[in-house]
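Residues per chain are reported as follows:
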Amino acid sequence: MGKAAFFFHGLFPDHIEPAGKAGKQLCKVLFDAEFDGSFHSHLLADIWPVEEKDGAPVFEVRYDLPFECTRFPQAVVSYYQQVMGPQSATISHSGPKGPIPNRNVFRVQWEVALDADHKPAGPQL
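Let us look at the structure shown here.

What counts and what doesn't
Residues numbered from 1 in each chain as written. Predicted model: local features only at pLDDT ≥ 70, side-chain atom pairs only at ≥ 80, totals over all residues. Heavy atoms only, no water. Salt bridge = Lys/Arg side-chain N within 4 Å of Asp/Glu carboxyl O. Helix = DSSP H or I, 4+ residues; strand = E, 2+ residues; numbered from the N terminus. Buried < 20%, exposed > 50% of the residue type's maximum accessible area, 1.4 Å probe, protein only. Pairing = 2+ DSSP bridges. Contact = heavy atoms within 4.5 Å. Phe/Tyr/Trp six-rings, centres within 6.5 Å; stacked < 30°, edge-to-face > 60°.

Tallied over the full model, the rule gives five salt bridges. The salt bridge involving Asp14 is made with Lys28; its shortest N-O contact spans 3.6 Å. Taken together, the residues span a long stretch of sequence, with Asp14 in strand β1 (residues 2-16) and Lys28 in strand β2 (residues 24-35) at a distance of 14 residues. Asp14 sits in the partly exposed class, given a relative accessible area of 28%. A salt bridge links Lys28 to Asp46; its shortest N-O distance comes to 2.7 Å.

Structure representation (structure tokens):
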């Protein structure tokens, strides 16, 4: 097991409209990752709230990394909360109600190092 460095760059809105159902608002998180001497640029993760538990939103995070990192979804949630939360240092032109993710693109740099490992090799034929 080693360390992977994640470099988050921005958060921007997206919208999914499944056939016959109401769409859902989600955000895309743009990031780069470095692990075991390899640099992976312009990767994306999707994040959206799926429910509320004890008054706090619970998020679903979808992503595809070229290596294993079990703590990555929590890092995406932390980044999202940093950008959108009350402690946010971003400037929004949305007015006094704060940032609205479906109308703004946020460019906020943040980095974190997390434990990571190589993906297991596929089955041998």
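Let us now look at the pairing of strand β3 (residues 38-53). Working note: regular strand, side chains alternate between the two faces of the sheet. Relative to strand β4 (residues 56-63), β3 runs antiparallel, the two sharing eight bridges. Across the sheet, residue Ala45 finds its bridge partner in β4, namely Tyr63. With antiparallel pairing between neighbouring strands as the criterion, β3 and β4 make up a hairpin whose turn holds two residues, including Asp54 at a positive phi of roughly 55 degrees.

Turning our eyes to something else, we now look at the side chain of Lys28. Taking relative accessible area as the criterion, Lys28 reaches 17% and is therefore assigned buried. Look past the residues within four positions of Lys28 in its chain and what remains in contact with it is Gly10, Leu11, Phe12, Asp14, Leu44, Ala45 and Asp46.

Moving on to the environment of Glu52. With respect to the secondary-structure elements, Glu52 resides in strand β3. Take Glu52: its relative accessible area is 61%, and that puts it in the exposed class. For Glu52, the contacting residues outside a window of four places in its chain are Pro57 and Val58.

This brings us to the packing of aromatic side chains. Counted according to the given criterion, the structure contains 13 aromatic pairs. Between Phe6 and Phe31, the aromatic rings sit 6.2 Å apart at their centres with planes inclined by 55 degrees, giving tilted as the arrangement. In this pair, Phe6 is assigned in strand β1 and Phe31 in strand β2, connecting sequence segments 25 residues apart. Classification of Phe6 as buried rests on a relative accessible area of 0%. Overall, the relative accessible area of 0% leaves Phe31 in the buried class. Here Phe8 and Phe31 contribute two aromatic rings whose centre-to-centre distance is 5.8 Å and whose plane-to-plane angle is 35 degrees, an arrangement assigned as tilted. Note that Phe8 is positioned in strand β1 and Phe31 in strand β2, a separation of 23 residues in sequence. Grouping residues by exposure puts Phe8 and Phe31 together as buried. Feature note: the residues Phe6, Phe8, Phe31, Phe35, Tyr63, Phe67, Phe72, Tyr79 and Trp110 constitute an aromatic cluster, connected by ring pairs.

The values are spatial; any link to function lies outside them.
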